[in-house]
Amino acid sequence: MFQLIACNLACLAIAGLYYAWRDVYVQRRKRARLHDRVAYMLWVAANRAA
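Engineer: How would you explain the packing of aromatic side chains if you had to name every residue and give the values?
Structural biologist: For the structure shown, the criterion picks out four aromatic pairs. Between Tyr18 and Trp21, the ring centres sit 6.1 Å apart and the planes meet at 35 degrees, which makes this aromatic pair tilted. On the criterion of helical spacing, the pair formed by Tyr18 and Trp21 is a turn pair, its members being three residues apart in helix α1 (residues 2-49). Owing to a relative accessible area of 43%, Tyr18 belongs among the partly exposed residues under this scheme.

Listed below in structure tokens is the structure:
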């Protein structure tokens, strides 16, 4: 019985770590994508003005 509980807790801990890591990764990726889009928009605007 204890082995079953220990296995479930280990699975829960691994899943929790994965979801926490994924949330941070997704937020960083969204922010990086936004920065890339803004940089491209400014580059296009500068080339049109030149």
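Now that the structure has been shown, the text picks up again.
Engineer: Lay out the environment of Ala15 with the relevant residues and their values.
Structural biologist: Of note, Ala15 is situated in helix α1. Separated by twelve residues in sequence, Ala15 and Gln27 place their C-alpha atoms 18 Å apart.

Engineer: Break down a nonpolar patch on the surface for me, with residues and values.
Structural biologist: A cluster of nonpolar side chains, Met1, Leu4, Ile5, Leu9 and Leu12, forms an exposed patch at the surface whose accessible area comes to about 580 Å². Looking at the secondary structure, you find Met1 in the segment before α1. On the basis of relative accessible area, Met1 is assigned to the exposed category, the value being 78%.

Cut-off values and rules
- Residues numbered from 1 in each chain as written.
- Predicted model: local features only at pLDDT ≥ 70, side-chain atom pairs only at ≥ 80, totals over all residues.
- Heavy atoms only, no water.
- Phe/Tyr/Trp six-rings, centres within 6.5 Å; stacked < 30°, edge-to-face > 60°.
- Helix = DSSP H or I, 4+ residues; strand = E, 2+ residues; numbered from the N terminus.
- Buried < 20%, exposed > 50% of the residue type's maximum accessible area, 1.4 Å probe, protein only.
- Patch = residues over 30% accessible without salt bridge, like charges linked within 9 Å, V, L, I, M, F, W, Y side chains within 5 Å.
- Areas by Shrake-Rupley, 256 points an atom, 1.4 Å probe, with all protein chains shown as cover.
- Salt bridge = Lys/Arg side-chain N within 4 Å of Asp/Glu carboxyl O.

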